[in-house]
Amino acid sequence: GSRVQEFEIQLMREHRWVAMECNIPVIDVSPIALTISSPQVDDYQQVASNLAKALSTWGFAYLTNHGVDQNTVKNCFNQSRNFFKLPQHIKDNFA
């Protein structure tokens with residue numbers, strides 16, 4: 001892979017490490033990932049149960065093995081960063 005791809009992979013590993021070190025729930029969604037052509041109902045139920053527990057306890061979770069393109073993930077982080085840089089009065093319009 002390119003140096004950029006290698007850097008992005010390392011960055012995602014570091015994010016996962018931080019999540020694990022801080023005891024943030026890490027949810028493996030590989031059984032129902034976008035790359036799975038026919039996920040089973042039991043797989044959906046297990047992932048949903050894990051996610052519901054994490055969200056009701058922590059309010060968020062770190063999802064792994066989801067199959068979402070790395071560029072999409074990177075763009076989401078960038079847009080989130082841009083949003084939180086906005087003045088508070090603009091962000092308040094979204095509350």
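Here, every reference points to the structure presented above.
Conventions adopted
Residues numbered from 1 in each chain as written. Predicted model: local features only at pLDDT ≥ 70, side-chain atom pairs only at ≥ 80, totals over all residues. Heavy atoms only, no water. Phe/Tyr/Trp six-rings, centres within 6.5 Å; stacked < 30°, edge-to-face > 60°. Helix = DSSP H or I, 4+ residues; strand = E, 2+ residues; numbered from the N terminus. Buried < 20%, exposed > 50% of the residue type's maximum accessible area, 1.4 Å probe, protein only. Expected span 1.5 Å × (residues − 1). Polar contact = N/O pair within 3.5 Å; in protein donor to acceptor, adjacent residues only side chain to side chain. Lys, Arg positive; Asp, Glu negative; His and termini not counted. Salt bridge = Lys/Arg side-chain N within 4 Å of Asp/Glu carboxyl O. Contact = heavy atoms within 4.5 Å.

Colleague: Teacher, can you tell me more about the packing of aromatic side chains here?
Modeller: How two aromatic rings sit relative to each other is given by the distance of their centres and the angle of their planes. For the structure on display, the rule yields 3 aromatic pairs. Ring geometry for Phe83 versus Phe94: centroids 5.6 Å apart, planes at 80°, classification edge-to-face. Within this pair, whereas Phe83 is found in helix H3 (residues 70-85), its partner Phe94 is found in the segment after helix H4 (88-91), the two being separated by 11 residues in sequence. Judged by relative accessible area, which is 61%, Phe94 ranks as exposed. Of the aromatic side chains, those joined through ring pairs into one cluster are Phe83, Phe84 and Phe94.

Colleague: Hey, could you run me through H3 in this one?
Modeller: Side chains of residues three or four places apart in an α-helix project in the same direction, reflecting 3.6 residues per turn. Between the first and last C-alpha of H3 there are 23 Å, a value that for 16 residues agrees with the 22 Å anticipated at 1.5 Å per step. With a side-chain oxygen lying 3.0 Å from the backbone nitrogen of Asn71, the N-terminal cap of H3 falls on Asp69.

Colleague: I would appreciate a short explanation of the environment of Thr57 in the present structure.
Modeller: Along the chain, Thr57 turns up in helix H2 (residues 41-57). Residues Thr57 and Pro25 lie 32 residues apart in sequence; the distance between their C-alpha atoms is 9.2 Å.

Colleague: Hey, could you run me through the side chain of Lys91 in this one?
Modeller: Its location among the elements puts Lys91 in helix H4. Comment: no salt bridge for buried Lys91; closest opposite-charge side chain is Asp92, at 7.4 Å. A distance of 3.2 Å separates a polar atom in the side chain of Lys91 from the backbone oxygen of Phe84. With near-sequence residues (within four places) excluded, Lys91 lies in contact with Phe83, Phe84 and Leu86.

Colleague: Just to check I follow, could you spell out H2 for this structure?
Modeller: In a regular helix each residue adds 1.5 Å, so 17 residues correspond to 24 Å; H2 covers 24 Å between its end C-alpha atoms and thus fits that length. Within two residues after H2, Gly59 carries a phi angle of roughly 95°, on the positive side.

Colleague: Sorry, what's going on with the environment of Lys53 here?
Modeller: With respect to the helices and strands, Lys53 occurs in helix H2. On the accessibility criterion, Lys53 (63% relative accessible area) is exposed.

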